[in-house]
Amino acid sequence: MQTQIMVEVRDLTKTFKGKNGADIQAVKGISLDIRHGEIYSLLGPNGAGKTTTISMISGLLAPTRGDARIGGHSITKEPLQAKQLLGVVPQEIALYPTLSARQNLDFFGKMYGLSGSDLSRRVDEIVDFVDLRERQHDRIETFSGGMKRRVNIGVGLLNKPQLIYMDEPTVGIDPQNRRRVLDTVKRLQQEMGMTVLYTSHLMEEVQEISDRIAIIDHGEIIAEGTLGELIQQIGEEDRLTFKVGTQTVSETLLARFQREVEGVTSASYDRREIADEDSTALAHVDGVVTIMAKRGRKALPDLLRIADDAGLDVLSVEVREPDLEGVFLHLTGRALRD
Amino acid sequence: MRKILAITWKDLYTTFTDRNLILIMIVTPLALSTIIGSAFSGFIGGGGNDVPVRDIPIALVNLDQGGNANGQDVNYGQMFVDLLIPTRTNTSSPLLALTDATLLGNAAAARASVNSGSKSVAIIIPEDYTSSLTYSQDHPDVRVSPIEVYSSPAATISAGIVRSIVENITNTFLTGSVTVEATIEALIARAQDDPAFGLQFGVASASGSFQPDFAPAFQPDAAPITIEQQTVRGQAQTFNPLVFFGSAQALFFMTFTAIQGANSMLEERRDWTLQRLIASPTPRITILLGKLLGTWVTCIFQVTLLFIFLTLIGSLIAGELQLIWGSNLLAILAVIVAASLAMCGIGAVVAALARTPEQVNVVGGIIAIALGLFGGAFFNIQSIPQIAPISRLTPNYWGTDAFATLAAGQNDIGMNLVVLTVIGGVLFLAGLAIFNRRLSV
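Since the structure is predicted, the reported quantities are computational estimates derived from the model, not experimental observations.

**Quick notes on helix 5 (residues 145-156) of chain A**
All names here are of chain A.
Move 1: Helix length check: helix 5, at 12 residues, gives a terminal C-alpha distance of 17 Å against a target of 16 Å (1.5 Å per residue), a fit within 8%.
Move 2: Across the 12 residues of helix 5, nine count as buried, placing the element largely inside the fold.
Move 3: Listed in full, the buried residues belonging to helix 5 are K148, R149, R150, V151, N152, I153, G154, V155 and G156.
Move 4: Close packing links the buried residues of helix 5 with strand 6 (86-89), helix 3 (101-111), helix 4 (116-129), strand 7 (163-167) and helix 6 (175-192).

**Looking at helix 5 (residues 107-116) of chain B**
Residue and element names in this part refer to chain B.
Move 1: Here helix 5 has its buried residues at A110, S113 and V114. For helix 5, the buried positions fall inside an angular range of 100° around the axis, keeping them on one side. In helix 5, the exposed positions angled more than 90 degrees off the buried face are occupied by A108, A109, N115 and S116.
Move 2: In the core, the buried residues of helix 5 are packed alongside strand 1 (56-62), strand 4 (99-104), strand 5 (121-125) and strand 6 (148-151).

**Here's the deal with the sheet that holds strand 6 of chain B**
Two strands in a sheet stick together by hydrogen bonds in their backbones, pointing the same way (parallel) or opposite ways (antiparallel).
Residues and elements named next belong to chain B.
Move 1: Ordered in space as 4-1-5-6, the four strands form an open sheet in which the pairing is mixed. Since the sheet does not close on itself, it has two edges, and those belong to strand 4 and strand 6, each with one partner. The sheet shows a mean angle of 25° between the axes of neighbouring strands, direction not considered.
Move 2: With six bridges joining them, strand 1 and strand 4 adopt parallel strand pairing. By the bridge assignment for strand 4, P57 is matched with D100.
Move 3: Most of the contacts of helix 3 (residues 76-84) go to strand 1, to which it runs at about 155°, and overall it touches strand 1, strand 4 and strand 5.
Move 4: Helix 5 contacts strand 1, strand 4, strand 5 and strand 6 of the sheet and is inclined by roughly 165° relative to strand 5.

Criteria and cut-off values
- Residue indices follow the written sequence of each chain, beginning from 1 at its first position.
- As a convention, the first chain written is A and the first ligand written is 1, with the rest following in written order.
- Since the coordinates come from a predicted model, pLDDT governs what is reported: local features require at least 70, and pairs of side-chain atoms require 80 or more to be given and counted, while whole-chain, interface and lining totals use all residues.
- Secondary structure elements are taken from DSSP: a helix is a run of H or I of four residues or more, a strand is a run of E of two residues or more, and numbering for both begins at the N terminus.
- The span one expects for a helix is its residue count, reduced by one, times 1.5 Å.
- The burial criterion counts other C-beta atoms lying within 10 Å of a residue's C-beta, which is placed from the backbone; the residue is buried at 20 or more, exposed at 12 or fewer, and partly exposed between these limits.
- By the convention adopted here, residues are in contact when the distance between their C-beta atoms, placed from the backbone, does not exceed 7 Å.
- Each C-beta atom gives one direction from the helix axis, and the arc is the one those directions make.
- Strands were regarded as paired on the criterion that DSSP finds at least two bridges between them.
- With axes taken as lines fitted to C-alpha atoms, and helix axes fitted only over the stretch in contact, angles between N-to-C directions fall between 0 and 180 degrees.

From the geometry alone we can't say anything about function, so treat these as descriptive.
Have a look at this one:
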């Protein structure tokens, strides 16, 4: 049986005019399918094109080329029908600060065509869902960041959407509220059967909640699949990082790591120049040895012994198991947080 | 339609529950129009809200030597003095309320009092004033010796009024003199032609029973002096600073409200609430109409409230309820609606062309001040004829003119309504179209 597709994106492209008049292609012909009831995440660094992509999917931006269909409705040809199925949780706190939480929910509920007792009942449900019954009549401007985020999510749920998009919903909130938001996303899928389109630049979040992930960079999807499928692209290798400060590391030593320690597949040395924050003057050089190895923790004692034999003073050690950061590094040569 | 009204209601609620906005929209223009209105009227109180012209300080000098008319001694100069200086028999002349005259002995002292500022005007009656006014068969050529009206350059209005009074009184004397002489000549001529009447006339004159009192012919009270300002429409109009500056200030501040209202579209885009609205199943045109309707209704409320408060202030000052904007409430409402539409149109275009809310604040502020300046928010534009043509390009002018017309009890505001509606309609639609195009990017 074929899985039902909730969102179908084909050749979605957006070109803006730059300040010098030149065309800037923010999104370059993206195509993807999101299945009904799954949490699908777009992962990428800031400026990768995530927000532009979902802005086109939700009808905020007109695509330069291509189309997106939500529940079979084209966002360019049948925008009102497509939007009726869509709930929106933008990255910004898109609420009226001088209105109360309930007034905000009432107002946006009307924009989704709710009225009378239906609206009142739905607002009650949302207030309970985001756990703000006690504060529902207080102005938004008096809320903490986390509470605002919860109302922001609540507004996106007013129309009982089949698809909800959440654009970086954990930006700027404390770990406790972040946990709460992530749990809410899971509840939306598990208890309400919603399809969730989630964007983030935080690998840990995406790893935790997503059924499938698309990694986006420079307006293109460079990898797509489940977490396991993505990690397979770089193999089951751990990444070991030795910080060595200003010391230099010879090619001979790097070759010894590969030759003498079982499981090591590659070893490289990189010098990172760290500038003083208050000036452009070079403050210090941080040398880093990166070693890819299967079962990295087991290889670590041998690696440190060889380094010691060679007179290399290892200042710190980090071992990372395969993750999306490694996938992104593998695919782009850059760290996700760069 | 329900969504349009929901957006409009939301904007009205957020506007009228914001204390700072209320301060800017209502309290500030109310205070400014009251202060400016008071400043331009000199003072307010005692007899209503029209500019009270009274107690003009006058130095009066009577050099008239008097004369003889038909065997009787007369001194028109003294009669002039009696009209302006209270006496036992003259305590109720309207001129006594209008002027505050002091009799001085010589012309130099009178001029000096004007120069020193203690008096606004000096009236110097020449020595031959009576003889120049006396008409008789022996003296048929009447060439009135001019009364000198010496005034301070700073008191042009008072000088104008006093000049009118002098002319009026002199004309009355002249008319009375000619009339009396003509009457007596006619009686004598009839007595010569009709012996029977001549006998009766002679007996009556000799017995003293024929003693006609010609005094009323010389009394200006018989033809009261009135001071009116004539409009180009040829109708009497009084200048009420509270009405003029109240409406001008209301329109000035309404421009800010309209621009800020339209600017809320850009602010909502910055805060992402606009995107949230667009992502809902609500057509863009519905969102735009709801927003602009909200601004329009806000402007209407703002001016209506201001007018109500100014009416109360005017009534408090007058000590009785006074409809300072006139009694044609429907016409007043029509002007408010049309003027609000015009201002909303301006706001819509400014906000639609700007890129950021900050840009709207800067450009909108400049436009609002320019419109207010040329529209009469800060001074009476009629006092500077050079800027009158520019003034007519502003909705402020047409609005203020319409309110002043209605306040004067006239209803000739058709052209004002047409101009305001056309300005508003065209700019409103243009702003709507530009906004809609920009939101579709």
